[in-house]
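# Per-entry structural report
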Amino acid sequence: MSVPFPPSRRAGAATILAVTLALALGGCGRGSDSAALIAEARQYREKGEMKAAVIQLKNVLQKDADNLAARTLLGEVYRDQGDAVSAEKELRRALALGGDKERLTVLLGKTLLMQGRYDALLDEIKAGPGAKPALLALRGNAVLGQLDIKQARTLFDEALALDARSSDALLGLARIAAAEGRSAESTGLIGRALAASPSDADCLRFRGDLLRLEGKPERALAAYRELLKIHPNNAQAHIDVANLHLDAGKFDEARVQIAAARKVGTGTLAVFYSQAMLDFREGKHAAALEALQQITRVEPDHYPSILLLGAVQSALGSTQSAEQHLQKFLGAYPGHPYASKLMASLQVRANHPEAALALVLPLLERNADDVELLTLAGEAHLRARQFSRAAEYYEKAAALKPGAPTLHTALALSRLGNGDSARAVAELERAAGLDRGAGRTGVLLVMSYLRAGDADKALALVLEMEKQGRNPLLDNLKGGIAMVRKDVAGARAHFNRALALDPLYLPALDNLAQLDMLEKRPHEAKRRYQAALAKAPRSATLMEALARLATSEGKTAEAMTWLERAHTEHPQALGLGLRLVDFYVHAGEPRKALNLAQKLRANHPANSDALAMLAEAYEANVNFPAAADSYASLASLVPGSAVPLMRLATLRLRMKDEAGAVEALRRALAIAPELLDAQMTLLNVLVGQKKLAEARALVVAAQKRRPDGAAGFKLEGDLLSAQNQHGAALKAYERAFALERGAPALIQLHGALLKTGKPADADARVALWLKEHPADVPTRLYFASSKVVANDTKGATEQLAILLRHEPDNVLALNELALLYQRQNDKQALALAERAHRLAPASPAVMDTLGTILLDAGELGRALPLLRKAGALSPQSGNIGYHLGLGLARAGDKRAARKELERVLAAPTPFSEREQAQSFLATL
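### As for the overall build of the chain
- A count of helical and extended segments in the chain gives 53 helices and zero strands.
- Relative to its 924 residues, the chain shows a buried fraction of 53%.
- Sequence-distant contacts in the chain: of pairs separated by 6 or more residues, those separated by 24 or more amount to 53%.
- Summing over all exposed atoms, the chain offers an accessible surface of approximately 40,900 Å²; the carbon and sulfur share of this is 53%.

In structure tokens:
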């Protein structure tokens, strides 16, 4: 259900291109006669030549600013054009000049309704005893716009009791009936309204709306055209016709109607917005962006444009900009269905499934048959590795028709009270559904079956989909099913069939490459990619695939070469350039990362992703002041996002600037008051500063804001734990977990139980959770780490082995298990450490683990370069410095070893092997 809302909270400029022609008055003839000019303006209006009518009326008002007839007619012309703000201005001036109060008040009320300014209408237009039917109907439409259907119905009934032919009251009741699904009753009511007022534009328009709502586009089109025969100057009717053409994919016809709307409604927001919508539907995202930026420069709080900007930036791949606009929109209209769906899709794309589910699940409680919501819930659970839950949502989505989402209902409800600005958002919902149809849902359902290990269900669904015709995607899915059944030969056959249909179909190429790697034949995978590249020599996608292959083999330099070649071939592809910067950062090439990031930033000065990557590059170069400046600039570029402020706060803390960190955190919380990371970090800083009263105030505010939420009690537990009140902290964590069962709350509860001397209870809680959620990798990794801390080597090894069965390439697990095996003198340690290093060649921790294992094995020539690089990348790590000292001493360079050990021991930062380092230093 879509909630109507006003497009703006400020009375800003009414148009993008206001008519500014000021014609000189003088000479003889009709030009100097105000009455004649007004008569001409009426004639122009009747012929639909609205620009000429406005010019004539402005000529009158330039000579006689208090001409009541000109002011009144100009207000009506602006309303015809859809320029409600300018119409309101002129009608208010006409009222001040003593015009017909009853008539002008009704016209003024209708302009307020067009803007969605329901509160303003109710405050200004009263309807006491003896009120006229028209005023009662106005107030009825305003409360209807606020979704108070009961009160609206009462007001409409009162109006009809006074005048059974009140078209406004009948129209209001027709809207209510449509919104409640009583289509036949709505049709009867609008018929009565039109019998009473055959030429009423609002009634004629709603008849078209109703037919469109009923899925009768041709009849709706005829209704809108009938309206245009009677009112050829009605710009909104042209836009309605354009939207019908957009629904049908008839973009040329839509363009003609938008041009007609522009002719009669020159420069109105609605026209610019419709043009942006057309550009968006045609995939002309840059053009749509330009049109929307013109709107928001003049009207920064035009919320339909803000929402469409989110959709456009998402399509352009500018994730941070998209999030900025969506956060602003959702800040004004929390829980709005389409905006929440779009934001959830971004969170899924960014691999933040919990954030996506927090947006989607509350909406599903109210819209259980919305295919888009069900699909998003499935994708989020899939990302969270909760495969059975994902399958449940996909099954529900696949069982529904593609048209099941309640967008039509949303469109109907957005029109309650004739809030035309709300209609704009509903049109966006119709135009830009997130679901790609039943095919996409089916593919995702197959994937969820596969990941849950149910090959039979997956195959049955693929065979059903194949009835619509073969394509490489389906053969690729069959290959995946064969893999689940451990039929490697069958899988290869299916993947090769996919490539026979499309030799450049990358998913099949990737899958065959993975099979090659499993069979220890990486040269075959490389040959396959290079053969495809020979057919498409400029394919950045294939070059990136070759880079991934090289990375998996630990060939960082080769991977870098492929990515650099892709960037050279496509220097204007920002996303490709940003990925190369990110590769440089993680490959230990910070200077290259910074040089490229600076170029990308210079070439794309308004792109927030380029600025964010520049900040990361500065951070990788340990230039924290420049990184902080970049994050501060990013916060200004995307003022609705708390993310850059959080990164800025983290940097300020690393720079020992607690005051700056607190300022950034408070700004982040002003944007996103419930951002838990910001609350936790601020709480820790305040506790560290001994500002316990401020810390307590933060906790109390969080609990007041969400009394039934877990966050406030989690923060309370953190505060009590910091004060060593572990018993009270345990109670707070228990309450948080009861309110929101999840891995983060469980981990804190486990820690609190340990601190209160209940290790058996602590481990039992986590073990039970992992039994219920066996694929919860982060919790299992935490549990393994807790076993390491407790010196339970066997338990830690078991947990890590289980984790790697679920996620074989988890670098943290590989690294930790390698260390455990090393302690047990198990020869598996070296193979695991080398595998981790192939996956994360620039990780100092991984280099350190592999280096120390090689050192113990006597392979000093391989060990020492790794330890040197790890020490250079992580100079603050005492453990790495100690291991480097050991290596230097074994290489015979005792002076360098002593210097390194003295350095790490002089630092105030504690490290676990400090005593061993001190003892070893004493031997040198």
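### A few points about the packing of helix α37 (residues 643-654) against helix α38 (residues 658-671)
- Here α37 crosses α38 at 165 degrees, and the two axes come no closer than 8 Å. Regarding the angle of α37 to α38, the classification is roughly antiparallel. In the packing of α37 onto α38, the handedness of the crossing is left-handed. In this structure, α37 contributes L645, M646, L648, A649, R652 and L653 to the contact, and α38 contributes E658, G660, A661, A664, L665, R667, A668 and I671.
- Counted by class, the contact of α37 with α38 contains 10 nonpolar, one polar and three charged residues.

### Quick word on the side chain of T105
- Its place among the elements puts T105 in helix α5 (residues 101-115).
- If near-sequence neighbours (up to four positions away) are discounted, T105 is found in contact with L95, I125, L135 and L138.

### Structural notes on the pattern of salt bridges
- Within this structure, the stated rule accounts for 41 salt bridges.
- The shortest N-O distance in the salt bridge between R182 and E185 comes to 2.4 Å.
- The class of R182 is partly exposed, set by a relative accessible area of 27%.
- For E185, a relative accessible area of 42% gives the class partly exposed.
- E564 is the partner of K592 in a salt bridge, and the nearest nitrogen-oxygen pair spans 3.8 Å.

### Focus on unusual backbone geometry
- Positioned with a positive phi, K520 is a non-glycine residue whose angle comes to about 60 degrees.
- Among the secondary structure elements, K520 is positioned in the loop between α29 (506-518) and α30 (522-535).
- A relative accessible area of 70% places K520 in the exposed class.
- Unusually for a residue other than glycine, V622 sits at a positive phi of about 55 degrees.
- For V622, the location among the structural elements is in the loop between α35 (608-620) and α36 (624-637).
- On the basis of relative accessibility, which here comes to 58%, the residue V622 falls in the exposed class.

### Quick notes on the nonpolar core
- Judged by nonpolar contacts, the single largest core of 82 residues is most densely connected at L509, Y529, L542, V581, L682 and L683.
- For V581, the residues in contact, after removing those within four places along its chain, are A593, L596, A597, L600 and M613.

### Let's talk about the environment of L204
- Tracing the backbone through its elements, the reader meets L204 in helix α11 (residues 201-213).
- Spatially, the C-alpha atoms of L204 and G191 are 9.6 Å apart, while their sequence positions differ by 13 residues.
- Sequence-distant contacts of L204, that is, excluding residues within four places in its chain, are made with L194, P198, S199, E226, L227, I230 and H231.

### Thoughts on the packing of aromatic side chains
- Within the structure shown, the criterion is met by one aromatic pair.
- The interplanar angle of 65 degrees and the centroid separation of 6.3 Å between the aromatic rings of F737 and W769 together place this pair among those described as edge-to-face. Remark: W769 occurs in helix α44 (residues 759-772) and F737 occurs in helix α42 (residues 726-739); sequence separation between them is 32 residues. Accessibility assignment for this pair places F737 and W769 in one class, buried.

### Here's the deal with the confidence of the model for the chain
- Per-residue pLDDT for the chain averages 83, and the proportion of residues at 70 or more is 90%.
- Least confident of the elements in the chain is helix α23 (residues 407-414), whose mean pLDDT is 34; most confident is helix α49 (residues 844-856), at 94.
- Low pLDDT, under 50, characterises residues 1-32; the predicted model gives this stretch 87 contacts beyond four residues in sequence or across chains.
- Overall, residues 401-421 carries pLDDT values under 50, and its contacts beyond four positions in sequence, including any with other chains, amount to 76 contacts.

What counts and how
Residues numbered from 1 in each chain as written. Predicted model: local features only at pLDDT ≥ 70, side-chain atom pairs only at ≥ 80, totals over all residues. Heavy atoms only, no water. Helix = DSSP H or I, 4+ residues; strand = E, 2+ residues; numbered from the N terminus. Buried < 20%, exposed > 50% of the residue type's maximum accessible area, 1.4 Å probe, protein only. Contact = heavy atoms within 4.5 Å. Areas by Shrake-Rupley, 256 points an atom, 1.4 Å probe, with all protein chains shown as cover. Axes fitted to C-alpha atoms, helices over the stretch in contact; angles between N-to-C directions. Parallel < 35°, antiparallel > 145°, perpendicular 65-115°, else oblique. Left-handed = near helix turned anticlockwise from the far one by under 90°. Nonpolar A, V, L, I, M, F, W, Y, C, P; charged D, E, K, R; others polar. Salt bridge = Lys/Arg side-chain N within 4 Å of Asp/Glu carboxyl O. Core = buried A, V, L, I, M, F, W, Y, C linked by side-chain atoms within 4.5 Å. Phe/Tyr/Trp six-rings, centres within 6.5 Å; stacked < 30°, edge-to-face > 60°. pLDDT = per-residue confidence, 0-100.

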